[in-house]
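Listed below are the residues making up each chain.
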Amino acid sequence: MRRFLWRIANLFRKRAAEREMKREIASHLALLQEEFEHQGLAPEEAALAARHAYGGVEQSKELHREARSFVWVEQFFRDLLYSARGLARTPAFTLTAVAALALGIGLNAMVFRMYDAIALKPLPVADPDRVVRVERWFEHHWLGDIQYNFAYSEYEFLRDHNTVFSGLAAATHPLPVSATVRGLFSNEPIHGFAVSANYFAAMGIRPLLGRTFLPDEDRLPGGNPVVVIGYSFWQQKLRADPAALGQSVKLNGTAYTVIGVAQRNFTGTALWPIRSDFWAPLSMIEQLDPNFGADWRTESYGPTIRSMDAQTFADRRPGFQILARLKDRIPRKQAQAETDALMRGYLSQYRQTERTRAVTLQATAYFPNTDDIRFQAASVGILMVVSLVLLAACANVANMLLARDMARQREIGIRLALGAARSRVVRQLLVENVLLALFAGPVGFVLSAISAPLLWSAFSGLLRFSIELGELDLGSDTRVISYGLVLSLLTGVLFGIAPALRSSRGGIHPGVALHGRHDSARLRGALLGTQAAVASLLLAFCGAMLSYLHSSARLYPGFESRNVYAVPPLPGLREKLEPMPGLLVAMGRLPLSGTFTPPMRVGQWNRKTFATYASDGYFETLGIRLLQGRGFSKQEADREAPVAVISESTARNVWPGRNPVGQRFSLDLNFQNRFTGFEVIGVAADARFADLRDVDPLHVYLPSAEMGGLIVRVLGNRETTLAAVRGAMESVDPSRATPRMLSNLEDDLVAPQRALLRGLAAMAGTLTLLALMLTGVGIYGVAAFLVNQRTQEIGIRMALGATARGVVGGVIVQGLRPILIGSGLGFAAAVGLTAVELATHPFPESLVRAVFGHPAVYAELGVMLAVAVLASLIPARRAARVDPIVALRYE
């Protein structure tokens, strides 16, 4: 330990250590000289003999330096200083390399910053690592928001019987309501939550102004109309008025008194980062959302409904999410075991519509299920795609380094000839390359810090039709900083190792130099092929996704949407609406609002299919054309007759070349291997019912007058007809006659998906453009450099009688060889990635057409090849015009 500390100390006292070493060596030489003088030698001869006896002075100094300190640290700092001076002498090269690397590093850091904010950062609550969300798992693997849906009685039971939580809070899912503030009605809905009184205390949240709820404020008979408002609501609607406390705001027509303002960074605990505008006590839940009904406190689990799918189950049974804070020193695994046992024991006494097979505790994050393998795989896939851009940048810089090292070959050869070890030269070159990457790292880090909020803002804007997302914490934490540092170091090694190893093989002998040039040309060709492969992969894959997503966003979905509205299914409302002129009315599920996929059997054929319950008039209301047969009659819908209408794709896939009308099939509606038979009575046109990206490959419509919601389609004057609909709603239930209760299919479901697809297409297009730009610049620069290096060869050929056309053609063919090979490999890799995508993608036809049939993909590849031709043509023509005598003296 003393020697180790002494070595560290000597790193900071180098001059003093050198003086001490010189004095010590001088004293040794003086003693030896004195000894030789005692033996009778003259002083000059004694001094010479002393030096011979002592040995090499400089070698002794090096050995002493290695013993007294960490010599590799000193060498590292010397290399660092030398590299910094070298990069400063070539500002054009340094700036170009830093810009290319910063672009790749910044893109990767931006994606990781988004992933960190979405999946790794906890919610902005006190001691967030101790806060968990209760999640249930269903017997038939229903997934999604329904997994976080609990009855109030379940929350009460867990709250009163657990021993592992210091606090347990209940909150609804986001509730859209209409708001009137200071007499002004807001056209856009706001979102908020009804929560238990201990909600803020359990989350450890203190208000910015005022107070939160008192202990029993959520249980008062008749409700207690008080509200805590969000920071953004306070800023935008109340203009940050410090006197907002005590003011009144109307939510769904009921006046609420503002008692507090939340902190700016607390936007709620929703499953998705939806901005919360208010929090009200549970006692006001019926005024905020009448769907809960008056018996929400006593409902045990929900009614048993035959043939119920997950989405209908969620629609029919609004519930609560449960959040809990673990007690100190209680691990999550222990708390989960107790919670699972308690909840399953409680539910065993009831007849469950869908059996809960497990209850788990999930760490809170901005998005749910970020630990799901599918989310992790998608995240890794995105990182891999953007890493290809970084790989293209690394190949660019590696080629630039090779060109730069050709000019330094004499310097490196002299160092090797003077005895420098190859490892020492490689280390010095690597330090220079890593320093270059470390210069690019902070620039890329700043780019990621700027671009990530812009990307999130753009993403939020895409979804502004239906929800307003809250702020995402995109700040730099330890994970983001560490990722950026490690990425920069790995990048420096990645693009620097090959040029460093090749350059250190050189010498000062002409034959060695020629051999090094030949090796350099081969390595440049390999790097050029790598760039072409990466570019082809990105252009084919991202270009295909660009055309696929963009075309999906523009295509007709197969149903009408602009004048179609979802209406609350109030008792007796359908009967009031049906006689109205200019209005079509039906019951059923809206497109893009969820899926139900029961197994379908036809003989030995068995696959899952999309299924939708629909009443009479459903196809006419949605504008879905019937190609064969007929739709459902009122009697068939009322008694849920065993008949069905199938989609055109279903007819083509299940009964190819046959008339499907009159055919029979079976469905396992309850996922219990109990199949029910149906007869096909009609064929409907294909629709993009589940996803706008493609038509449903299999889809059956089943008759029902109760399942789903009430749907209306306006045929006449929209304002007049909608006013009449709201009047009918008010006559049935005045609390539901708000503008927000009429949900437009286009604005709330279709437009957000279209916008999201366009946004994803824009991202794919940006990646495609970056790949094309980086590769184009790299290919042009390297190909031009390779041709310039062949000026002497071209001169010799011209002197021996070769024609300019033949020389130029040969140079172009030779320059295109690595690019063509790389492009072929890249396109093959794109085919492989597409095959993987198709294995997990439910609608393969459009994606196949996008990858292999869209002309834009081949146009992008053609652009890259054209760049390569120009990169070889221009310098080759210039070299062919050089006088052969001048070319022979080119060196």
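Everything here concerns the structure above.
Position labels on residues start from 1 in each chain and follow its written sequence. Restriction of local features to residues with pLDDT of at least 70 applies here, the model being predicted, together with a cutoff of 80 or more for giving and counting side-chain atom pairs; totals for whole chains, interfaces and linings are based on all residues. Think of the side-chain values as coming from all heavy atoms in the structure, minus any hydrogens and water.

Student: Break down the overall build of the protein for me, citing the residues and quoting the values.
Tutor: A tally of regular secondary structure across the protein gives 28 helices and 25 strands. Partly exposed residues are those whose accessible area sits between 20% and 50% of the maximum for their type, while under 20% is buried and over 50% is exposed, using a 1.4 Å probe and protein chains only. Taking all 891 residues of the protein together, 51% fall into the buried category. Pairs of residues are marked as contacts when any of their non-hydrogen atoms sit within 4.5 Å. When contacts within the protein are restricted to residue pairs at least 6 apart in sequence, long-range pairs at least 24 apart make up 80% of them. Exposure was quantified through the Shrake-Rupley algorithm and a 1.4 Å probe, taking into account, for residues, occlusion by the shown protein chains and nothing else. Just so you have it, the protein exposes about 40900 Å², and 59% of that area is on carbon and sulfur atoms. Helix and strand assignments follow DSSP, with helices taken as H or I runs no shorter than four residues and strands as E runs no shorter than two, numbered in order from the N terminus.

Student: Quick one: what's the story with the packing of helix H7 (residues 152-161) against helix H12 (residues 332-347), residue by residue and with numbers?
Tutor: To describe two helices that pack against each other, one gives the angle between their axes and the distance between the axes. As a rule, the C-alpha atoms of each element are fitted with a line to give its axis, helices using only the stretch in contact, and angles between N-to-C directions run from 0 to 180 degrees. Running from amino to carboxyl end, H7 crosses H12 at an angle of 130°, the nearest separation of the two axes being 10 Å. The pairing of H7 with H12 is recorded here as oblique in orientation. Where H7 crosses over H12, the handedness of that crossing is right-handed. Each of Ser153, Glu154, Phe157, Leu158 and His161 in H7 lies in contact with H12, whose residues at this interface are Glu338, Thr339, Leu342, Met343, Tyr346 and Leu347. Three categories are distinguished: nonpolar for Ala, Val, Leu, Ile, Met, Phe, Trp, Tyr, Cys and Pro, charged for Asp, Glu, Lys and Arg, and polar for the others, with Gly belonging to the last. Of the residues belonging to the contact of H7 with H12, the class tally is six nonpolar, three polar and two charged. For classification purposes, angles smaller than 35 degrees are called roughly parallel, those larger than 145 roughly antiparallel, those between 65 and 115 roughly perpendicular, and all remaining angles oblique. For any helix crossing, the convention is left-handed if the near helix is rotated counterclockwise from the far helix by under a right angle, and right-handed if that rotation is clockwise.

Student: Quick rundown of a negative patch on the surface? Include the residues and the values.
Tutor: A cluster of like negative charges, contributed by Glu34, Glu35, Glu37, Glu44 and Glu45, occupies part of the molecular surface. Listing elements by their share of the negative patch, those giving two or more residues are helix H2 (14-38) and helix H3 (43-54). Top contributing element to the negative patch by residue count: H2, with three residues. Within the secondary structure, Glu37 is located in helix H2. Here a patch means residues that are over 30% exposed by relative accessible area and free of salt bridges, tied together within 9 Å if like-charged and within 5 Å if nonpolar (Val, Leu, Ile, Met, Phe, Trp, Tyr). Definition used for salt bridges: Asp or Glu carboxyl oxygen within 4 Å of a side-chain nitrogen of Lys or Arg. Counted as positive: Lys and Arg. Counted as negative: Asp and Glu. His and the chain ends are not counted at all. The atom standing in for a charge is NZ when the residue is Lys, CZ when it is Arg, CG when it is Asp and CD when it is Glu.

Student: Before we move on, could you go through a nonpolar patch on the surface and cite the residues and values that matter?
Tutor: Among the surface-exposed residues, Met1, Phe4 and Leu5 lie close enough to one another that they form a single nonpolar patch of about 360 Å² accessible area. As for its position among the elements, Phe4 is in helix H1 (residues 2-11).

Student: Break down the pattern of salt bridges for me, with residues and values.
Tutor: The full count for this structure, using the stated rule, is 14 salt bridges. The partner of Arg136 in a salt bridge is Glu154, with the nearest N and O atoms 2.9 Å apart. Taken together, the residues Arg136 in strand S1 (residues 131-138) and Glu154 in helix H7 connect sequence positions 18 residues apart. Across this residue pair, the class does not change: Arg136 and Glu154 are buried. Here Arg219 and Asp218 are joined by a salt bridge, their closest N and O atoms 3.9 Å apart. A single network of salt bridges, built from pairs that share partners, joins Asp116, Asp477 and Arg479.

Student: Describe the packing of H2 against H3, listing the residues and the values that go with them.
Tutor: Two elements in contact, H2 and H3, have axes separated by 8 Å at closest approach and are oriented at 125°. In terms of axis orientation, H2 runs oblique to H3. Read as a crossing pair, H2 and H3 show a hand that is right-handed. Of the residues in H3, those in contact with Ile25, His28, Leu29, Leu32, Gln33, Phe36 and Glu37 of H2 are Pro43, Ala46, Ala47, Ala49, Ala50, Arg51, Ala53 and Tyr54.

Student: An account of the packing of aromatic side chains is needed here, citing residue identities and associated values.
Tutor: Between 30 and 60 degrees the pair is tilted, below 30 it is stacked and above 60 it is edge-to-face, where a pair is any two Phe, Tyr or Trp rings, Trp via its six-membered ring, whose centres lie within 6.5 Å. Applying the stated criterion across every chain yields a total of 20 aromatic pairs. Arranged with centres 5.5 Å apart and planes meeting at 50°, the rings of Tyr152 and Tyr155 form a pair that is tilted. Remark: Tyr155 and Tyr152 occur in helix H7; sequence separation between them is three residues, near one turn of the helix. Classification of Tyr155 as buried rests on a relative accessible area of 2%.

Student: Report on the nonpolar core, specifying residues and quantitative values.
Tutor: Taken as a class, soluble globular proteins show a tendency for nonpolar side chains to be buried jointly. Grouped together as the largest cluster of nonpolar side chains are 49 residues, with contacts concentrated most on Phe165, Ile229, Leu251, Tyr256, Phe278, Leu288 and Phe320. The element contributing the most residues to this core is H12, with five residues. Residues in contact with Phe165, not counting those within four places in the same chain, are Val132, Ala324, Arg325, Leu326, Lys327, Ala335, Thr339 and Leu361. Side-chain atoms within 4.5 Å are what join buried Ala, Val, Leu, Ile, Met, Phe, Trp, Tyr and Cys residues into a set we call a nonpolar core. Grouped together as the second largest cluster of nonpolar side chains are 48 residues, Leu87, Leu436, Phe495 and Ala830 included.

Student: Account for the environment of Val534, with residues named and values stated.
Tutor: Here Val534 lies in helix H17 (residues 510-554). On a C-alpha basis, the gap between Val534 and Gly826 in space is 5.9 Å, while along the polypeptide they are 292 residues apart. Excluding its chain neighbours within four sequence positions, the residues that come into contact with Val534 are Leu388, Leu391 and Ala392.

Student: Break down helix H22 (residues 718-732) for me, citing the residues and quoting the values.
Tutor: For H22, which comprises 15 residues, the first-to-last C-alpha distance of 21 Å matches the rise-based estimate of 21 Å (1.5 Å per residue) to within 8%. Of all the positions in H22, only Thr721, Leu722, Val725, Ala728 and Met729 are classed as buried. All buried residues of H22 project into a common sector of 115° when viewed along the axis, lining one side. The outward face of H22, more than 90 degrees from its buried face, is lined by the exposed residues Glu719 and Thr720. At its buried positions, H22 is contacted by strand S14 (564-567), helix H18 (573-577), strand S15 (583-588) and strand S24 (709-714). Polar contacts here mean pairs of N or O atoms no more than 3.5 Å apart (in protein, one a potential hydrogen donor and the other a potential acceptor; neighbouring residues in sequence count only if both atoms are side-chain atoms). Here H22 starts with a cap whose side-chain oxygen sits 3.2 Å from the backbone nitrogen of Glu719, and that cap is Asn717. Multiplying 1.5 Å by the residue count of a helix minus one yields the expected span of that helix. By construction, the arc corresponds to the directions joining the helix axis to the C-beta atoms.

Student: Please set out H12 residue by residue, giving values where relevant.
Tutor: For H12, which comprises 16 residues, the first-to-last C-alpha distance of 22 Å matches the rise-based estimate of 22 Å (1.5 Å per residue) to within 8%. What H12 keeps buried is the set Ala335, Thr339, Asp340, Leu342, Met343, Tyr346 and Leu347. Check the buried side of H12 and you find it contacts S1, H7, strand S2 (165-172), strand S12 (320-326) and strand S13 (356-363).

Student: Pulling in residues and values, what's your account of the side chain of Ser276?
Tutor: Structurally, Ser276 can be placed in the loop between strand S10 (254-261) and strand S11 (278-281). For Ser276, a relative accessible area of 3% puts it in the buried group. A distance of 3.3 Å separates a polar atom in the side chain of Ser276 from the backbone oxygen of Phe278. Apart from residues no more than four positions distant in its own chain, Ser276 is found in contact with His191, Gly192, Phe193, Gly230, Thr267 and Gly268.

Student: Let's hear about the environment of Glu35: which residues, and what values?
Tutor: Locating Glu35 in the fold gives a position in helix H2. For Glu35, a relative accessible area of 45% translates into the label partly exposed. Distance from Glu35 to Ala50, taken between C-alpha atoms, is 8.6 Å for residues 15 residues apart in sequence.

Nothing here speaks to function; it is geometry throughout.
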